[in-house]
Amino acid sequence: MSRRRVVVTGVGLVSPLGVGTRATWEGLCAGRSGIGPITHFDASAFAARIAGEVRGFDPLDFIGRKDVKKMDVFIQYAIAASEFALCDAGLKTDQPLGPRAGVFIASGIGGFSTIEREHRALLAGGPRKISPFFIPSAIINLAAGQVSIRFGAQGPNSATCTACSASAHAVGDAFEIVRRGSADVMIAGGSEAAITPMGVGGFAAMRALSTRNDEPQRASRPFDRERDGFIIGEGAGVIVLEERDRARRRGVPIYAEIVGYGMSADAYHVTAPAEDADGAVRAMQAALDDAGVGPSAVDYVNAHGTSTRYNDKLETLAIRKCFGSHARSLAISSTKSMTGHLLGAAGGLEAGIAALAVRDRVLPPTINLEHPDPDCDLDYVPNRKRNATLTYALSNSFGFGGTNASLLFKRHED
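Residues numbered from 1 in each chain as written. Predicted model: local features only at pLDDT ≥ 70, side-chain atom pairs only at ≥ 80, totals over all residues. Heavy atoms only, no water.

A. Representation of the environment of Ala168. Following the sequence through the fold, Ala168 ends up in helix 7 (residues 166-180). Note: C-alpha distance between Ala168 and Ala388 (220 residues apart in sequence) is 24 Å. Setting aside anything within four residues of it in sequence, one finds Ala168 in contact with Tyr261, Gly347, Gly348, Ser397, Ala405 and Leu407. (Helix = DSSP H or I, 4+ residues; strand = E, 2+ residues; numbered from the N terminus. Contact = heavy atoms within 4.5 Å.)

What follows is the structure, encoded as structure tokens:
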């Protein structure tokens with residue numbers, strides 16, 4: 001049975017660079033940092049006091065007042081990003097999408113702010129003070145569930161929770177659903193809102209976060225030898241995946257075609273990547289094999305690039321192993337240098353960025369790359385965007401537990 005072709009027809013982004021796809025993309029192309037002091041709570045006692053917060057977001061622009069109270073912030077971000085993506089794809093949001101449209105939206109952590117708030121209520125007033133909306137506001141699959149309800153998407157509905165690979169897996173699994181014919185349209189990506197005392201405190205306790213608190217905009221510095229940890233970010237990245245012939249019949253612009261999906265496990269350590277980078281190599285190779293293309297076809301890699309010492313070094317090693325001599329010809333960038341690390345939403349955000357890069361033939365930069373690490377010796381598009389002839393773009397996401405995902409996008413051709 002022949003496999004159906006799948007294209008990206010809509011992109012919806014909510015990020016530390018802005019609410020909406022245009023604001024985020026313009027910020028990335030300008031090389032602007034979205035990192036600043038934490039304002040969501042008093043972080044003065046924390047080792048890490050900076051983050052990539054979403055600023056200027058009003059949930060009432062997207063959700064009714066009564067419903068806002070029933071949703072954690074990560075669900076609100078998911079609804080907003082989905083609405084942006086659907087409108088971008090020219091799909092009506094005031095009519096049910098029906099049984100041939102589905103939703104696959106991931107999160108790595110889910111409703112941390114709701115969990116913390118309801119725990120405070122329990123301690124202060126006992127179990128009767130727990131809200132009846134606590135569970136459906138906090139659990140991870142309710143982002144997909146609420147998006148499905150809001151837009152009448154009655155097809156496949158699911159959520160992945162695979163740490164920082166979660167929304168790349170969601171996009172990849174949604175791609176498979178459309179490709180095999182189980183749906184014609186999938187709303188896919190991820191959302192995260194974990195800039196809370198427990199979220200920041202937990203990662204800080206692991207010494208995973210940057211403590212460059214006096215220079216927030218220079219703190220996320222992937223591949224730079226002075227990097228000292230990642231910056232936690234929040235937001236959502238959602239794309240509309242559509243069967244190609246259906247999109248062509250509708251006459252809508254196509255960002256890119258998604259042609260390959262690879263996944264693997266390091267089977268090595270709870271948090272550290274494998275020292276030989278074998279898991280990452282196998283995920284990238286699987287995406288290339290799925291698309292039926294060789295390493296030399298790829299022009300650009302949107303790297304996982306967290307700004308941690310081990311990830312950046314070992315992702316570079318993985319790229320060298322996977323692409324061989326072609327690695328020296330690749331353009332690679334980490335947009336986390338500007339957005340911070342959106343954890344489970346990172347893959348959805350970066351899938352949207354990869355599709356935008358393919359459409360516009362623009363490579364967003366890796367900012368703050370001032371002192372190249374000798375172990376990170378490839379072309380990371382330092383500090384300024386670059387125009388490029390771009391046909392294939394790969395997006396990488398790697399997560400705790402050694403879970404890896406790679407997505408391959410191609411410039412669309414009839």
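B. Geometry of the pattern of salt bridges. The full count for this structure, using the stated rule, is 27 salt bridges. With its nearest N and O atoms 3.1 Å apart, the salt bridge here joins Asp290 to Arg3. Of the two residues, Asp290 is situated in helix 10 (residues 278-291) and Arg3 in the segment before strand 1 (6-15); the sequence distance between them amounts to 287 residues. On the basis of relative accessible area, Arg3 is assigned to the exposed category, the value being 51%. Between Glu118 and Arg117 there is a salt bridge whose closest N-O contact spans 3.2 Å. Through salt bridges with shared partners, a single network forms among Arg212, Glu215, Arg218, Arg221, Asp224 and Glu370. (Salt bridge = Lys/Arg side-chain N within 4 Å of Asp/Glu carboxyl O. Buried < 20%, exposed > 50% of the residue type's maximum accessible area, 1.4 Å probe, protein only.)

C. A look at the nonpolar core. Val8, Trp25, Val171, Leu241, Ile258, Leu407 and Phe409 are the most contacted members of the largest nonpolar core, which has 50 residues in total. If you tally residues by element for this core, the top one is helix 13 (residues 346-360), at 9 residues. Once you skip the residues sitting within four places of it in the chain, Phe409 turns out to touch Val8, Ala256, Glu257, Ile258, Ala351, Ala354, Val358, Thr391, Tyr392, Ala393 and Ser395. With 33 residues, the next largest nonpolar core counts Ile63, Ala89, Phe151 and Val238 among its residues. (Core = buried A, V, L, I, M, F, W, Y, C linked by side-chain atoms within 4.5 Å.)

D. Region of interest: the environment of Ile177. With respect to the helices and strands, Ile177 occurs in helix 7. C-alpha of Ile177 to C-alpha of Phe104: the two residues are 73 residues apart in sequence and 9.9 Å apart in space. Beyond its immediate sequence surroundings of up to four residues, Ile177 is in contact with Phe104, Pro156, Ser182, Ala183 and Met186.

E. Geometry of the packing of helix 1 (residues 21-29) against helix 13. In the contact formed by helix 1 and helix 13, the axes pass within 11 Å of each other and the chain directions differ by 70 degrees. Relative to helix 13, helix 1 is oriented roughly perpendicular. Contact residues: Thr21, Thr24, Trp25 and Leu28 in helix 1; Leu349, Ile353, Leu356, Ala357 and Asp360 in helix 13. For the contact of helix 1 with helix 13, the per-class residue count stands at 6 nonpolar, 2 polar and 1 charged. (Axes fitted to C-alpha atoms, helices over the stretch in contact; angles between N-to-C directions. Parallel < 35°, antiparallel > 145°, perpendicular 65-115°, else oblique. Nonpolar A, V, L, I, M, F, W, Y, C, P; charged D, E, K, R; others polar.)

F. Region of interest: the pairing of strand 9 (residues 256-265). Of all 10 residues making up strand 9, 8 are buried, and the element is well covered by its neighbours. Relative to strand 9, strand 1 runs antiparallel, the two being bridged by 3 bridges. In the strand pairing of strand 9, Val6 is matched with Ile258. Bridging between strand 9 and strand 15 (residues 403-410) involves 8 bridges; their strand directions are antiparallel. (Pairing = 2+ DSSP bridges.)

G. View of the packing of aromatic side chains. Using the criterion set out here, one finds 7 aromatic pairs in the structure. Between Phe203 and Phe400, the ring centres sit 6.4 Å apart and the planes meet at 50 degrees, which makes this aromatic pair tilted. Of the two residues, Phe203 is situated in helix 8 (residues 197-205) and Phe400 in the loop between strand 14 (392-399) and strand 15; the sequence distance between them amounts to 197 residues. Seen from their ring centres, Phe223 and Tyr380 are 4.0 Å apart, and the 10 degrees between their planes marks the pair as stacked. On the criterion of sequence distance, the pair formed by Phe223 in the loop between helix 8 and strand 8 (235-243) and Tyr380 in the loop between strand 12 (362-363) and strand 13 (386-387) is long-range, its members being 157 residues apart. Each member of the pair, Phe223 as well as Tyr380, carries the same accessibility label: buried. A connected cluster of aromatic rings, assembled from ring pairs, spans Phe57, Phe62, Tyr77 and Phe84. (Phe/Tyr/Trp six-rings, centres within 6.5 Å; stacked < 30°, edge-to-face > 60°.)

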